[in-house]
Amino acid sequence: MSGHLASSSPWLTLLFSAGGVGLGWGYFAALRHGVKLCVTRGAPLPGVYRTLARLAAAAAFFALAARFGAWPLLGAFIGFLAARQLAVRAAGRRA
């Protein structure tokens, strides 16, 4: 198993890290937009569809990263968490 971890390309890990930032940025932007729609319109059903779409996109991305190994998956997750941190800070400045 450790041979498989060592065989992952650092460039692939970096690519999935950047993809994780992109996914996270889109994920949290869609979350912010969905919450805004739910609060202003009071229609929860479109919010449910948006939530399912966000979760499906994240699951598909992380499943793809996992197929390339542990390091690309870890890079994707770190990128996603970095985008989350940026979204939280941006939301704090708006409040």
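Overview of the structure. (Residues numbered from 1 in each chain as written. Predicted model: local features only at pLDDT ≥ 70, side-chain atom pairs only at ≥ 80, totals over all residues. Heavy atoms only, no water.)

### Here we look at the packing of helix 2 (residues 10-41) against helix 3 (residues 44-67)
Then comes step 1: Packing of helix 2 against helix 3 brings their axes to within 9 Å, and their N-to-C directions diverge by 170°. By the angle between their directions, the pair helix 2 and helix 3 is classed as roughly antiparallel. Two secondary-structure elements touch here, helix 2 through Phe16, Gly19, Gly20, Leu23, Tyr27, Ala30, Leu31, His33, Gly34, Leu37 and Cys38 and helix 3 through Pro44, Arg50, Arg54, Leu55, Ala57, Ala58, Phe61, Phe62, Leu64 and Ala65.
Then comes step 2: Classifying every residue of the contact of helix 2 with helix 3 by side-chain character gives 15 nonpolar, four polar and two charged. (Axes fitted to C-alpha atoms, helices over the stretch in contact; angles between N-to-C directions. Helix = DSSP H or I, 4+ residues; strand = E, 2+ residues; numbered from the N terminus. Parallel < 35°, antiparallel > 145°, perpendicular 65-115°, else oblique. Contact = heavy atoms within 4.5 Å. Nonpolar A, V, L, I, M, F, W, Y, C, P; charged D, E, K, R; others polar.)

### Brief notes about a nonpolar patch on the surface
Then comes step 1: A cluster of nonpolar side chains, Leu45, Val48, Tyr49 and Leu52, forms an exposed patch at the surface whose accessible area comes to about 410 Å².
Then comes step 2: Its place among the elements puts leucine 52 in helix 3.
Then comes step 3: Among the residues examined, leucine 52 registers a relative accessible area of 51% and is labelled exposed. (Patch = residues over 30% accessible without salt bridge, like charges linked within 9 Å, V, L, I, M, F, W, Y side chains within 5 Å. Areas by Shrake-Rupley, 256 points an atom, 1.4 Å probe, with all protein chains shown as cover. Salt bridge = Lys/Arg side-chain N within 4 Å of Asp/Glu carboxyl O. Buried < 20%, exposed > 50% of the residue type's maximum accessible area, 1.4 Å probe, protein only.)

### A closer look at the nonpolar core
The tendency in soluble globular proteins is for nonpolar side chains to be buried side by side.
Then comes step 1: If you look at the biggest cluster of nonpolar residues, it comprises ten residues: Phe16, Leu23, Tyr27, Phe28, Ala58, Phe61, Phe62, Ala65, Ala76 and Phe80.
Then comes step 2: Mapped by element, the contributors of at least two residues to this core are helix 2, helix 3 and helix 4 (70-94).
Then comes step 3: Ignoring anything within four residues of it in the chain, the contact list for tyrosine 27 reads Arg54, Leu55, Ala58 and Phe80. (Core = buried A, V, L, I, M, F, W, Y, C linked by side-chain atoms within 4.5 Å.)

### Remarks on the packing of aromatic side chains
Where two aromatic rings form a pair, the distance of their centres and the angle of their planes describe that pair.
Then comes step 1: Throughout the structure, instances matching the rule amount to eight aromatic pairs.
Then comes step 2: Ring centres 5.3 Å apart and planes at 40° place the aromatic pair phenylalanine 28 and phenylalanine 80 in the tilted group. Placement of phenylalanine 28 in helix 2 and of phenylalanine 80 in helix 4 is noted, with a sequence separation of 52 residues between them.
Then comes step 3: Accessibility expressed as a relative area gives 16% for phenylalanine 28, which makes it buried.
Then comes step 4: Pairwise contacts between aromatic rings join Phe16, Tyr27, Phe28, Phe61, Phe62, Phe68, Phe77 and Phe80 into one cluster. (Phe/Tyr/Trp six-rings, centres within 6.5 Å; stacked < 30°, edge-to-face > 60°.)

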